[in-house]
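# Descriptive structure summary
Spelled out from the first residue to the last, the chains are:
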Amino acid sequence: MNAKEKFWEKYANRTPELLDLMSTMEPNSYVAITDIETGITWWSKQARELFNYEECVHYSAMRPNLRLHPDDAADYRQNWQDRMEGKHLGETFEYRILFNDVYMLFSTKNDILTDENGKPLALISIIHNLGVPNDVDMITGLPNDLAFTRDINEAVNKNRQVTVLKVGIAKFSNINIMYGAKYANTVLFEVGHRLAQLACGQGKVYRLTGSKFGLIFPSLDRKQLAVLYNRIQDYFSNQFVVEKENVPLRLSGGAMILDHYFGDAIAIKSRLTYAINHSKHAHHGELVIFNDEICGLGNDQLELISIIHQSAVSGFDGFYLCYQPITSAKTQKISGMEALLRWRKEPFGVVPPGIFIEWLEEDPCIYGLGNWIMRQAIYDACKIQKYQQDFFVNVNVSVGQIERKEFRQSVLDILEETGFPPNQLCIELTERCRELDVEFLRQEVIFFRSHGIRIAMDDFGTGSASLQLALELPVDELKIDMSFIKDIQNKPTNQAMVKSIVDFGRSSHLDICIEGVEDQSVLDYISQYGATWYQGYFFSKPVIFEDFEDLIEKQYLEEFQAAQKEPELQ
Ligand code: C2E
Ligand code: CA
Ligand code: CA
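What this report covers is the structure whose coordinates are included nearby. (Residues numbered from 1 in each chain as written. Chains lettered and ligands numbered in written order. Predicted model: local features only at pLDDT ≥ 70, side-chain atom pairs only at ≥ 80, totals over all residues. Heavy atoms only, no water.)

### Thoughts on the coordination of the calcium ion (ligand 3)
This is how the line gets drawn: Only N, O and S atoms count as donors, using a 2.8 Å cut-off from the metal and 3.2 Å for Na, K and Ca, and because water is excluded some sites may appear unfinished. A helix here means a DSSP run of H or I that spans at least four residues, while a strand means a run of E at least two residues long, and both kinds are numbered starting from the N terminus.
Looking at the metal site, the calcium ion (ligand 3) is ligated by Asp458 (OD), Asp459 (OD), Glu515 (OE) and Glu515 (OE), spaced 2.3 to 3.0 Å from it. Mapping the donors of the calcium ion (ligand 3) onto the primary sequence gives the spacing D-D-x55-E. In this model, the calcium ion (ligand 3) sits 4.0 Å from the calcium ion (ligand 2), the two metals being bridged by Asp458. Of the two residues, Asp458 sits in strand β19 (residues 454-460) while Glu515 sits in the loop between β21 (511-514) and α19 (520-526), which places them 57 residues apart along the sequence.

### Description of a nonpolar patch on the surface
Just so we agree on the cut-off: Each patch is built from salt-bridge-free residues with over 30% relative accessible area, joining like charges within 9 Å and nonpolar side chains (Val, Leu, Ile, Met, Phe, Trp, Tyr) within 5 Å. For the area figures, the Shrake-Rupley method with a 1.4 Å probe applies, and any residue is considered shielded solely by the protein chains shown. Whenever a carboxyl oxygen of Asp or Glu lies within 4 Å of a side-chain nitrogen of Lys or Arg, that contact is scored as a salt bridge. We call a residue buried when its accessible area falls under 20% of the maximum for its residue type, exposed when it is over 50%, and partly exposed in between, using a 1.4 Å probe and counting protein chains only.
On the surface, Ile177, Met178 and Tyr179 cluster together to form a nonpolar patch covering roughly 350 Å² of accessible area. Within the secondary structure, Ile177 is located in helix α6 (residues 172-179). Since its relative accessible area comes to 59%, Ile177 is described here as exposed.

### Observations regarding the coordination of the calcium ion (ligand 2)
Of the protein atoms, only Glu338 (OE), Asn396 (OD1), Glu428 (OE) and Asp458 (OD) coordinate the calcium ion (ligand 2), at distances of 2.1 to 2.3 Å. Coordination of the calcium ion (ligand 2) draws on donor residues from a single chain, spaced E-x57-N-x31-E-x29-D in sequence. The class of Glu338 is buried, set by a relative accessible area of 4%.

### A look at the nonpolar core
Applicable threshold: We call a set of buried residues a nonpolar core when its members are Ala, Val, Leu, Ile, Met, Phe, Trp, Tyr or Cys and they connect through side-chain atoms within 4.5 Å of each other. Should any heavy atoms of two residues lie within 4.5 Å, those residues are counted as being in contact.
Counting 78 residues, the largest nonpolar core has Met374, Leu425, Leu478 and Ile514 as the members making the most contacts within it. The element best represented in this core is helix α13 (residues 365-384), accounting for 10 residues. The contacts of Leu425, once residues within four sequence positions are left out, are Met374, Ile378, Val393, Val395, Val411, Leu415, Phe420, Ile453 and Arg454. Counting residues in each nonpolar core, the second largest holds 34 residues, with Leu142, Val167, Leu195 and Val205 among its members.

### Side note on the side chain of Asn371
Applicable threshold: Any pair of nitrogen or oxygen atoms within 3.5 Å is treated as a polar contact; in protein, a donor-acceptor pairing is required on top of that, and neighbouring residues in sequence qualify only through side-chain atoms on both sides.
Relative to the helices and strands, Asn371 resides in helix α13. By relative accessible area, which is 14% here, Asn371 ends up buried. A distance of 3.0 Å separates the side chain of Asn371 from the side chain of Ser410, its partner in a polar contact. Discounting residues that sit within four places of it in the chain, Asn371 has contacts with Gln401, Phe407, Ser410 and Ile414.

### Regarding the packing of aromatic side chains
Short version of the rule: Here a pair means two rings of Phe, Tyr or Trp (six-membered ring of Trp) with centres within 6.5 Å. Their orientation is stacked below 30 degrees between planes, edge-to-face above 60, and tilted elsewhere. Look at NZ for Lys and CZ for Arg. If either is within 6 Å of the ring centre and within 35 degrees of the ring normal, a charge sits over the ring.
Under the counting rule described, the total for this entry stands at 26 aromatic pairs. Between the aromatic rings of Phe319 and Phe356, the centroid separation amounts to 6.0 Å while the plane-to-plane angle is 75°, which identifies the pairing as edge-to-face. Of this pair, Phe319 sits in strand β14 (residues 319-328) while Phe356 sits in helix α12 (residues 353-360), and the two are 37 residues apart along the sequence. In textbook terms, an aromatic cluster arises when at least three aromatic residues are bridged by ring pairs, as seen for Tyr76, Trp80, Phe93, Tyr95 and Phe106. Note that Arg344 overlies the ring of Tyr320, its terminal NZ or CZ placed 4.3 Å from the centroid.

### Details of the pattern of salt bridges
Counted by the stated rule, this structure contains 25 salt bridges. Taking the shortest distance from any N to any O, the salt bridge between Lys486 and Glu518 comes out at 3.9 Å. Here the residue Lys486 occupies a position in the loop between β20 (477-480) and α18 (492-507), and Glu518 occupies one in the loop between β21 and α19, the gap between them amounting to 32 residues. Lys486 gets classed as exposed once you look at its relative accessible area, which sits at 54%. Ionic contacts of the salt-bridge type, sharing partners, join the residues Asp135, Arg150, Asp151 and Lys204 into one network.

### Topic: the environment of Val395
Summarising the element assignment, Val395 is placed in strand β17 (residues 392-397). Overall, the relative accessible area of 1% leaves Val395 in the buried class. Sequence-distant contacts of Val395, that is, excluding residues within four places in its chain, are made with Ile373, Met374, Ala377, Leu425, Cys426, Ile427 and Glu428.

### Remarks on the site of ligand 1
Operational definition: In this text, near means that some heavy atom of the residue lies within 4 Å of the molecule or strand in question. Classes in brief: Ala, Val, Leu, Ile, Met, Phe, Trp, Tyr, Cys and Pro nonpolar; Asp, Glu, Lys and Arg charged; the others, Gly included, polar.
Close to ligand 1 lie 22 residues; Gln324, Arg342, Met482, Glu518 and Tyr537 are nearest. Here an oxygen atom of ligand 1 sits 3.2 Å away from a polar atom, N or O, in the side chain of Asn396. If ligand 1 stood free it would expose 800 Å²; the protein chains cover 84% of that surface. Every element with two or more residues in the shell around ligand 1 is listed here: β15 (334-345), α12 and β19. Among the residues forming the shell around ligand 1, the class breakdown is 9 nonpolar, 6 polar and 7 charged.

### Brief notes about helix α8 (residues 222-238)
Each turn of an α-helix holds 3.6 residues, which means side chains three or four residues apart point in the same direction. Quick note on the threshold: By definition here, a helix of n residues has an expected span of 1.5 Å times n minus one. Arc definition: it is the arc formed by the directions from the helix axis to the C-beta atoms.
Helix length check: α8 (17 residues) gives 24 Å between terminal C-alpha atoms against 24 Å at 1.5 Å per residue, within 8%. Within the sequence span of α8, burial applies to Leu225, Leu228, Tyr229, Ile232, Gln233, Tyr235 and Phe236. Along the long axis of α8, the arc covered by the buried residues comes to 165°, so they all point the same way. Its buried side turned inward, α8 meets β7 (162-169), α7 (181-198), β9 (212-217), β12 (251-258) and β13 (288-289).

### Things to note about unusual backbone geometry
One non-glycine residue, His88, adopts positive backbone phi at about 50°. Despite not being glycine, Phe316 shows a phi value in the positive range, around 65°. Positionally, Phe316 belongs in the loop between α11 (298-313) and β14.

### Let's talk about the pairing of β9
Stated precisely, the cut-off is as follows: Whether two strands pair comes down to DSSP finding at least two bridges between them.
With 5 of its 6 residues buried, β9 lies for the most part within the structure. As defined by bridge partners, strand β8 (residues 204-207) adjoins β9 across 4 bridges and the pair is classed as antiparallel. In the sheet register, Tyr206 faces β9, and the bridge partner there is Gly214. Turn length for the β8-β9 hairpin, with the two strands adjacent in sequence and antiparallel, is 4 residues, and the turn residue Gly210 shows positive phi of about 55°.

### Side note on the packing of α6 against α7
Rule in force here: Under this scheme, a helix contributes an axis fitted over its contacting stretch, all axes are lines through C-alpha atoms, and angles between N-to-C directions fall in the 0 to 180 degree range. An angle counts as roughly parallel when it lies under 35 degrees, as roughly antiparallel when it exceeds 145, as roughly perpendicular when it falls between 65 and 115, and as oblique in every other case.
Contact geometry of α6 with α7 gives a least axis separation of 7 Å together with a crossing angle of 140°. Taken together, the axis directions place α6 and α7 in an arrangement best described as oblique. Across from Phe172, Ile175, Asn176 and Tyr179 in α6, the residues of α7 making contact are Ala181, Tyr183, Ala184, Val187 and Leu188.

### Focus: the packing of helix α5 (residues 145-157) against helix α9 (residues 265-282)
Condition: The hand of a helix crossing depends on one turn: near helix anticlockwise from the far one by less than a right angle means left-handed, and clockwise means right-handed.
Taken N-terminus to C-terminus, the directions of α5 and α9 make an angle of 115°; their axes are 9 Å apart at the nearest point. With respect to each other, α5 and α9 are oriented roughly perpendicular. Note on packing geometry: the crossing formed by α5 with α9 is right-handed. Residues Asp145, Phe148, Thr149, Ile152, Asn153 and Val156 of α5 pack against Ala265, Ile268, Lys269 and Leu272 of α9. Looking at side-chain class alone, the contact of α5 with α9 contains 6 nonpolar, 2 polar and 2 charged residues.

This is the structure we're talking about:
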């Protein structure tokens, strides 16, 4: 008789007992019986189907081809051994198994079957499939953003001092493009697990959205944090190998030491994002510790930002739009307006976007706020149309809007709802939109233009808004940043720059708007270039809608009177 036949014989007379056991099982549960003496294991039918086992008994007590999550493997083996020795039987233990590239969560509880003398005969395992946990990232098997938020909240609520680090990979989309999504996922997996190793078990690692990771440490001071971050940066830029391929990664890092009250997880996460973005844009990827970076801001300003953030997530109370005329260079008449956001509340007074937009743009609330701005601006533009049918409105759009797939439809919905002509709406892509993958951005630009909506590249000439990008993105308009215009009469480099942008625009059939026209002398000087539109304090500062309507009404009356006079002139 072979080992398997012996197994059957041994358990044959226990069948009623086992049937009783199985009849009490919940759905998504599986059973396995392991003979303690030989380790031979019998798997129930559902378990065989799930784990793809052809045979119902296996020689090994450990499951064959089990793709356990690396972080759970050691624990799993220990648990198995303990239970075979009769320890911790009633307790459940959880572990993750990879199925079709997705980690699923399982729990196991055990019982011991004894022989007639009370001697342990078999280990009964009741395995429960808990499915894909919603707080675990499917690609890396690490806890995800949800778990990160929950753990930060827990630390705050329990007043625990923790240090939070956020690490991002620069230009990760390049890996996706060059090596494909499968390899990119492997890279993400490896990054997560190397981070855990580099943190030497001190910190818990989370995969956040995209190519961002979070780490929470029970305690880590500035110096330790800096040493750790340097180690991480050094490792990923020099030694990181995935599937025998050297993959040098550039990282950026933002951290916060929660040593006193810092608001809730949402506020903490938005500050971390602020820190990591500063690391990326202003510090070449060096670690930015929020606590140090914002010292200059002061508590009053932080409080103000958190109040404004609160309005942005709860009904937009206090937000309103101002409008600045966009004047035709040829006729010097107002042809359109740019919507500019403001916030006002006592005792703070009017707060310009320079104070808060950078913060809100790094928070998911910018999406809802952006839709609110778009709707309000288009509704107001509709009211101007009674004076001027071809009147247009420019609306600034930030990266947090463009990157959301629902954004396309929400713009179309607002246009449909208001009946405003799409070709009289111009979306201004602000500086940070250009961080997005060029190909992605190109598709968005193509989509909006295919619906007649115009696209302008804002602050052209600064940051990454180069001629090269203008060639790659089929936009309609370039807005020359006002830094080139201030005192242009006396600055030959600025003159050369503006001239080459306008020439480029003309040869590419793009409209050009020159911003920051502050006085008559600048206007006189720039008139040689042949731009399409001007914008600036010389024509008007941004004003509330009622005042803007007055400007338009005045212009309309002047035109009307001029038209009346015309016949007399002939
Ligand atoms: P921007 O889009 O380049 O807007 C032009 C800014 O220059 C406005 O500042 C405007 O008030 C100011 N400005 C206009 N003419 C002149 C001038 O002749 N001289 C000078 N010195 N300044 C002039 P504001 O309103 O403070 O806006 C600052 C920035 O905030 C905007 O720059 C834009 O990037 C962002 N922003 C404003 N409103 C929104 C919005 O609704 N959504 C988004 N995403 N960003 C916005
Ligand atoms: Ca703008
Ligand atoms: Ca601008």
